[in-house]
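Each chain, letter by letter, is given below.
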Amino acid sequence: MRLILLGPPGSGKGTQAAQLAQTSGVPQISTGDLLREERAGATDLGKQAAAYMDRGDLVPDELVLEILRARVSKPDCAEGFLLDGFPRTVPQAEALDAILQGLGVQLEAVVDIEVPDAEIESRITGRRSCPACAAIYHVVMQPPKTAGECDRCGGALTQRSDDSAETVRNRLRVYHEQTQPLIEYYRTTGCLH
Ligand code: ADP
Ligand code: ZN
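Residues numbered from 1 in each chain as written. Chains lettered and ligands numbered in written order. Predicted model: local features only at pLDDT ≥ 70, side-chain atom pairs only at ≥ 80, totals over all residues. Heavy atoms only, no water.

So, about the coordination of the zinc ion (ligand 2). Each protein donor to the zinc ion (ligand 2) is listed here as C130 (SG), C133 (SG), C150 (SG) and C153 (SG); together their distances run 2.3 Å. For the zinc ion (ligand 2), the four donor atoms in the first shell make angles of 99 to 117° at the metal, a pattern classed as tetrahedral. As a motif over one chain, the donors of the zinc ion (ligand 2) read C-x2-C-x16-C-x2-C. Here the residue C133 occupies a position in the loop between β5 (127–129) and β6 (136–138), and C150 occupies one in the loop between β6 and α7 (165–179), the gap between them amounting to 17 residues. When its relative accessible area of 3% is taken as the criterion, C150 is described as buried. (Donors = N, O, S within 2.8 Å, 3.2 Å for Na, K, Ca; no water. Tetrahedral: all angles 85-135°; square planar, octahedral: opposite > 155°, others 65-115°. Helix = DSSP H or I, 4+ residues; strand = E, 2+ residues; numbered from the N terminus. Buried < 20%, exposed > 50% of the residue type's maximum accessible area, 1.4 Å probe, protein only.)

Right, dumping it as structure tokens:
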């Protein structure tokens, strides 16, 4: 199975991808998570990406493509992958087409998750996650049993640095300008849902 999850930040791409990864056995590839790992490891790439991410802007295509290419070439992707947060620009989608062609494989589907902007803002500003096991919560809609503590592993929940109200508005603007055109891009390939 090779799937793209498309949709605005906070639409639930990551949550759906994690559930699909569990039932299907193919890995979830989140470029946001991969970039956050690069930052945590203070790699050159991570340092270059940091400022863009904190503003809620897209990281330049070359940097994202570098980590995406490396990730989809790993052996656990042989049977497929769930792309969560990639592609986000038309040039990224074109590069992905070339990568897939090189691997001799095809996309099965692009699933676009539509959520209104007002809903996104309340979802994201209430989002909390567990750095230890990656579980995701919402202070109102999906609170942990004990405030601030992960149900699954007891870890201390944190808020992503780019989940502030101001940065979320920029991420939504960037989504509408740069990522939404992908809906038309994939509509023509016939596998958009
Ligand atoms: P969300 O979907 O909630 O915005 P992500 O975790 O997918 O969050 O992405 C966080 C940030 O990482 C983005 O705001 C952007 O700066 C960067 N990023 C992630 N994926 C990409 C991508 N495909 N292209 C460019 N930047 C990306
Ligand atoms: Zn946890």
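Where nonpolar side chains cluster on the molecular surface, the patch consists of V139, V140 and M141 and spans about 300 Å² of accessible area. Within the secondary structure layout, M141 lies in the loop between β6 and α7. (Patch = residues over 30% accessible without salt bridge, like charges linked within 9 Å, V, L, I, M, F, W, Y side chains within 5 Å. Areas by Shrake-Rupley, 256 points an atom, 1.4 Å probe, with all protein chains shown as cover. Salt bridge = Lys/Arg side-chain N within 4 Å of Asp/Glu carboxyl O.)

Our focus in this paragraph is the sheet that holds strand β3 (residues 81–84). Read from one edge to the other, the open sheet built from four strands follows the order β2-β3-β1-β4, with strand pairing classed as parallel. Strands with a single pairing partner mark the edges of an open sheet, and in this sheet they are β2 (28–30) and β4 (109–112). Along the sheet, successive strands turn relative to each other by an average axial angle of 20°, direction set aside. In the sheet, strand β1 (residues 2–6) pairs with β3 via four bridges, with the strands oriented parallel. Within β3, the residue paired with R2 across the bridge is F81. Of the strands in this sheet, β1, β2 and β3 are in contact with helix α1 (residues 13–24), which crosses β3 at around 175°. Sitting on the sheet, helix α2 (residues 31–40) is in contact with β2 and β3, with an inclination near 60° to β2. (Pairing = 2+ DSSP bridges. Axes fitted to C-alpha atoms, helices over the stretch in contact; angles between N-to-C directions. Contact = heavy atoms within 4.5 Å.)

We now examine the nonpolar core. I29, L35, L68, L83, L96 and Y186 are the most contacted members of the largest nonpolar core, which totals 31 residues. Ranked by residues supplied to this core, first place goes to helix α4 (residues 61–72) with six residues. Not counting residues within four places of it along the chain, the set of residues in contact with L83 comprises L3, I4, L5, I29, L68 and L96. Grouped together as the second largest cluster of nonpolar side chains are eight residues, L5, I124, V168 and L172 included. (Core = buried A, V, L, I, M, F, W, Y, C linked by side-chain atoms within 4.5 Å.)

Low pLDDT means the predicted coordinates in that region are not meant to be read closely. Per-residue pLDDT for the protein averages 94, and the proportion of residues at 70 or more is 100%. Mean pLDDT per element in the protein: helix α6 (residues 117–125) is the minimum at 90, and β2 is the maximum at 97. (pLDDT = per-residue confidence, 0-100.)

This part is about the environment of D33. Residue placement: D33 occurs in helix α2. Sequence-wise, D33 and G85 are 52 residues apart; in three dimensions their C-alpha atoms are separated by 9.3 Å. Here the side chain of D33 touches R36 through a polar contact of 2.8 Å, side chain to side chain. (Polar contact = N/O pair within 3.5 Å; in protein donor to acceptor, adjacent residues only side chain to side chain.)

Taking 1.5 Å of rise per residue, twelve residues should cover 16 Å, and α1 covers 16 Å from first to last C-alpha, within 8% of that figure. Of all the residues in α1, the buried ones are K13, A17 and A21. Taken down its axis, α1 places every buried residue within 65° of arc, on the same side. Structural note: α1 exposes Q22 and T23 on the side pointing more than 90 degrees away from its buried face. Summarising the contacts, the buried residues of α1 are in contact with β1, β2 and β3. G25 occupies a position one or two residues after α1 and carries a positive phi of about 80°. (Expected span 1.5 Å × (residues − 1). Arc of directions from axis to C-beta.)

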